[in-house]
Amino acid sequence: MERLVSIIVPVYNAEPYLRRCVDSILVQDYPNFELILMDDGSTDGSGEICDAYAGRDERVRVVHKENTGVSDTRNQALELAQGDYIQFLDSDDWAVPEATRLLVQAMEKNDCDMVISDFYRVAGERLARKGDIEEARVLTRQEFAACMVENPADFYYGVLWNKLYKRQIIEDHQIRMDATISWCEDFLFNLEYIRHASSFYALQVPIYYYVKRKGSLVSQGMSITNAMRMKINIFDYYNEFYKDVYDHEDYADIRLQVYSFFWAAAKDGGVPPAPLPGSRKLGEERMQIKRKQVEGDGVIMDQYRSRQLLDYQMELSAKKNRLTADETKVLFTLYQCGEAEGMRRLAEVSDLPLPRLFLALQKLERKKLVEMSDEKGTKKANRSRTEERREDRKEKNRIFLRPEAGPVCEEFRLMQEELKEICFAGFTEEEKRAGEELLRRLNENMIRFMVKEA
């Protein structure tokens, strides 16, 4: 039984973009969630929009309340939440369709207390990917705090919406937002949660679109004096957090880094420039699949649908492992074939042109994920591109995965399981077994025919 996720969205005068946010939640491919829409005294049409969604989907719960601010609104939602896990979204942002599933999978596969993910920063029609932790392993509290102290004012650590929390930890320790402050209240919530959590995992897939609209404290009407007083109080809490996490000697080593939080301006503190550094056009960051393009009958369309679904899943794997699409395709081909006898054969199977395959292999060799050796098992070294191609024509070189590719291969295994779940969704166990047996026999017949013809 899939665990229930409580998705909390505070809503205040969000009529222009609320539908985009809620629609992105209701199409999540992880179905077992409750969506709590907290209407914080909106004076526009937001409340009616929320009610309309609740009328169409039983997973949606709506609360209309007087305006008390986002922190108190989230606190009230936490009192109502019934899920095993807690996920937050802001009403002017939106999530990718697999966001909740990837967060839950990471939480359960790694048996951790918090998952933190990459996200997209959106400025107008441009976006850029944002992340910080590149280690694909479970981190202890001290290791996570060490990553955080390197970028003390980074939204990646401070916000709520790129994380998944365990409700049990929140309730056991009565962790809530401080409704008396209007800056970094979500960061303080995270610090308190981290105090009571013991293991953390960084999901290196961007699952959230963050639209930067909020201004500085001063632009919100707070005086410079009051803003500085608030920052000092938050810094005191931040400083005490690190004194708790580290022993006295270790804290002394990082004290200057901790103090840098006081004068560090948040990297995402202002509206990002357009275009964002390293940005791309909004809509080009993901593979787009439209229903009309994949409808139709016949063998060609069956193959096309399968290829589109596989490409879509492989794109997620590429993002998670920080690989290009070509690199991922090469690794997946080697994962399925075991090894390849020469680049020409690998190019045929992976459906990549030789020049692109060659570049992908060069990058994968540098990352120590693949190895190329000659017929006698001697690794190639210091050969020019011309020599590589000449040797490849003789079909004497072997290309195979190195042990370091193990984590990526595990991702491929999970990906294939997910593809099977998608294809056999709604089937009984008996129907699944019959379908798998039919596919196995079809593949055997095709291989037998191709070998015979050869």
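Look up a bit, the structure's there.
Residues numbered from 1 in each chain as written. Predicted model: local features only at pLDDT ≥ 70, side-chain atom pairs only at ≥ 80, totals over all residues. Heavy atoms only, no water.

Student: Give me the overall build of the chain: which residues, what numbers.
Tutor: Looking only at helices and strands, one finds 18 helices and 14 strands in the chain. Looking at the chain as a whole, 47% of its 454 residues qualify as buried. At a minimum sequence separation of 6, the contacts of the chain that also span at least 24 residues come to 77%. Per element, the accessible surface of the chain, about 23600 Å² overall, is 51% carbon and sulfur. (Helix = DSSP H or I, 4+ residues; strand = E, 2+ residues; numbered from the N terminus. Buried < 20%, exposed > 50% of the residue type's maximum accessible area, 1.4 Å probe, protein only. Contact = heavy atoms within 4.5 Å. Areas by Shrake-Rupley, 256 points an atom, 1.4 Å probe, with all protein chains shown as cover.)

Student: Could you give an account of the nonpolar core, with specific residues and numbers?
Tutor: Here is a general trend for soluble globular proteins: nonpolar side chains tend to be buried in one another's company. Among the nonpolar cores identified, the biggest contains 85 residues, and Val 9, Leu 35, Phe 144, Tyr 165 and Ile 207 are the most heavily contacted of them. Counting residues per element, this core draws most heavily on strand S10 (residues 199-211), at ten residues. Among residues more than four places away in sequence, those in contact with Phe 144 are Met 114, Ile 116, Ile 133, Leu 139, Tyr 157, Ile 194 and Phe 200. Among the nonpolar cores identified, the runner-up in size contains 26 residues, and Ala 340, Ala 347, Leu 361 and Cys 409 belong to it. (Core = buried A, V, L, I, M, F, W, Y, C linked by side-chain atoms within 4.5 Å.)

Student: Explain helix H1 (residues 18-26) to me, using residue names and the numbers behind them.
Tutor: Given 3.6 residues per turn, any residue in an α-helix points the same way as the ones three and four places further on. The set of residues buried in H1 consists of Leu 18, Cys 21, Val 22, Ser 24, Ile 25 and Leu 26. Looking at the buried residues of H1, the elements they touch are strand S1 (5-11), strand S2 (33-40), helix H2 (46-56), strand S3 (60-65) and strand S5 (94-95).

Student: A description of the packing of helix H4 (residues 99-109) against helix H17 (residues 406-423) should follow, citing residues and the corresponding values.
Tutor: At their nearest, the axes of H4 and H17 sit 14 Å apart, and the two run at 125 degrees to each other. Between H4 and H17, the crossing angle belongs to the class labelled oblique. The two elements H4 and H17 meet at a crossing, and its hand is right-handed. In this structure, H4 uses Arg 101, Gln 105 and Lys 109 to contact H17, whose residues at the interface are Glu 410, Glu 411, Leu 414 and Glu 418. By residue class, the composition of the contact of H4 with H17 is one nonpolar, one polar and five charged. (Axes fitted to C-alpha atoms, helices over the stretch in contact; angles between N-to-C directions. Parallel < 35°, antiparallel > 145°, perpendicular 65-115°, else oblique. Left-handed = near helix turned anticlockwise from the far one by under 90°. Nonpolar A, V, L, I, M, F, W, Y, C, P; charged D, E, K, R; others polar.)

Student: Could you give an account of the sheet that holds strand S14 (residues 398-401), with specific residues and numbers?
Tutor: With antiparallel pairing, the three strands of this open sheet are ordered in space as S12-S14-S13. The open sheet has two edge strands, strand S12 (339-341) and strand S13 (370-373), and neither has a second partner. Across the sheet, the mean angle from the axis of one strand to that of its neighbour is 15 degrees, orientation sign disregarded. As paired elements, S12 and S14 share three bridges and run antiparallel to each other. Pairing of Glu 341 across the sheet is with Arg 398, part of S14. Sheet strands touched by helix H15 (residues 354-366): S13 and S14. Its angle to S13, the strand with the most contacts, is close to 110 degrees. (Pairing = 2+ DSSP bridges.)

Student: So what's going on with the packing of helix H5 (residues 141-150) against helix H8 (residues 185-196)? Which residues, and what values?
Tutor: Axis separation between H5 and H8 bottoms out at 10 Å; the angle between their running directions is 150 degrees. Looking at the two axes, H5 sits roughly antiparallel to H8. Between H5 and H8 the crossing geometry is left-handed. Of the residues in H8, those in contact with Arg 141, Phe 144 and Met 148 of H5 are Phe 187, Leu 191, Ile 194, Arg 195 and His 196.

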